[in-house]
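The primary structure of each chain is shown beneath.
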Amino acid sequence: MPQPKVFSLIDKAVHDYNMLPEGSRLLIGASGGKDSTLLVEYFASRLRRFSSGAAPFSVTPLYVQSDFAPPFNAELRAMFESWSMPLVQLDVDVIARIKSGHKMNCWWCSTQRRNALLNYALENGYTHLVLGHHLDDILETLLMNMVEKAVLSTMPPVFTYDKYPLTIVRPLCYVPVSQISLYAESRHWQRVTCTCSYQDNSGRKEARKRLEALTGGDDGAKMRLYRSLQNIQPQYLP
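Starting from 1, residues in each chain are numbered consecutively following that chain's sequence as written. Per-residue local features of the predicted model are confined to residues with pLDDT of at least 70, and side-chain atom pairs are confined, for both listing and counting, to 80 or more; whole-chain, interface and lining totals are unaffected and use all residues. Side-chain metrics in this entry use all non-hydrogen atoms of the structure; hydrogen atoms and water are not considered.

Asks: Now, about the overall build of the protein: what can you tell me, with residues and values included?
Replies: To qualify as a helix, a DSSP run of H or I must reach at least 4 residues; to qualify as a strand, a run of E must reach at least 2; elements of each kind are numbered from the N terminus. Each helix and strand counted, the protein has 8 helices and 6 strands in total. Start at the N end of the protein and walk to the C end: the helices and strands fall as α-β-α-β-α-β-α-β-α-β-β-α-α-α. A globule of 238 residues ought to have a C-alpha radius of gyration of about 18 Å, and the protein, at 18 Å, matches this closely. C-alpha atoms of the protein, sized along the principal axes, occupy 55 × 50 × 40 Å. Residue burial in the protein is summarised as follows: out of 238 residues, 42% are buried. The contact definition used throughout considers only heavy atoms, calling two residues in contact when any of these lie within 4.5 Å. Taking the intrachain contacts of the protein between residues at least 6 apart in sequence as the baseline, contacts between residues at least 24 apart amount to 76%. In the structure as shown, the protein presents an accessible area of about 13200 Å², 53% of it carried by carbon and sulfur atoms. This count recognises Lys and Arg as positive and Asp and Glu as negative, with His and chain-terminal groups excluded. By convention, charge coordinates are those of NZ in Lys, CZ in Arg, CG in Asp, or CD in Glu. A distance of 2 Å separates the average location of the 26 positive side-chain charges in the protein from that of its 22 negative side-chain charges. We compute the radius of gyration over the C-alpha atoms and compare it with the globule rule, which gives 2.2 Å times the number of residues raised to the power 0.38. Each residue is assigned to one of three classes by its accessible area relative to the maximum for its type, calculated with a 1.4 Å probe on protein chains only: buried under 20%, partly exposed between the two thresholds, exposed over 50%. Computed with the Shrake-Rupley method and a 1.4 Å probe, the accessible areas treat only the protein chains shown as cover for residues.

Asks: Talk me through a nonpolar patch on the surface; I want residue IDs and the actual numbers.
Replies: Each patch is built from salt-bridge-free residues with over 30% relative accessible area, joining like charges within 9 Å and nonpolar side chains (Val, Leu, Ile, Met, Phe, Trp, Tyr) within 5 Å. Any carboxyl oxygen of Asp or Glu within 4 Å of a side-chain nitrogen of Lys or Arg constitutes a salt bridge here. Among the surface-exposed residues, Met146, Val147 and Leu152 lie close enough to one another that they form a single nonpolar patch of about 290 Å² accessible area. Tracing the backbone through its elements, the reader meets Val147 in helix α5 (residues 135–149).

Asks: Give me the packing of aromatic side chains: which residues, what numbers.
Replies: In this description, a pair of aromatic rings is defined by centroid distance and the angle of the planes. Side-chain rings of Phe, Tyr and Trp, where Trp is taken by its six-membered ring, are said to pair if the distance between their centres is within 6.5 Å; with planes under 30 degrees apart they count as stacked, over 60 as edge-to-face, and otherwise as tilted. In total, this model carries 15 aromatic pairs according to the counting rule given. Residues Tyr183 and Trp189 carry aromatic rings whose centres are separated by 5.6 Å and whose planes lie at 85° to one another, so their mutual orientation is edge-to-face. A relative accessible area of 11% means that Tyr183 is categorised as buried. Ring pairing ties together the aromatic residues Phe7, Tyr42, Phe43, Phe50, Phe57, Tyr63, Phe72, Phe80, Trp83, Tyr183 and Trp189, which thus form one cluster. A ring is considered to have a charge above it if a Lys NZ or an Arg CZ atom is located within 6 Å of its centre and within 35 degrees of its normal. Directly above the ring of Tyr126 sits Arg25, whose terminal nitrogen or CZ lies 4.3 Å from the centroid.

All we've got here are geometric facts, nothing functional implied.
Next comes the structure, spelled out in structure tokens:
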């Protein structure tokens, strides 16, 4: 049985960016959403390719449970178990970390959860932190940085820290969100979205509108925009 097209796109990204060197220990940031769930299923499928022998890498999905978020979906947790990918949970008190005079928001929450993932990975000897940012996320971040910060930068598919023995990888960098949504629907995954009362991500929503206006929602156009970041011609820039 041929593998899903979306798996082929992930395979290509993993190969193009050498995201999976032998001996890798991967920690997946599992939020319960469709993006990270796809990654868990993909790596579970990839591990099954080595059923007759030892796999050259290992994978652990980790959920960061904040003090105000609902528990991880029980049905999804059971599905991870069926894939032989048992979920590890890490409890983090996000609200208690807010400094006096500051308010809770999406950026603060995501930063604290990311720091928790990084610290767990470092403390437990993982070599790679796997994040579920897809093609649209990367392009939206590009537009946000250009318009709001006057900086040409985004989330790279592979990022290695100078001070820590840890690499961040984004295997969904070639996958548009439309394909992830279609795949999630075909698998009948329960929809999981953030419904907390602290949501404040208007900048991201505006960047999403700009990306759709710029590309007309065409996945091919989005991929060409991504490829332009690999085809920079300095002689035609200021």
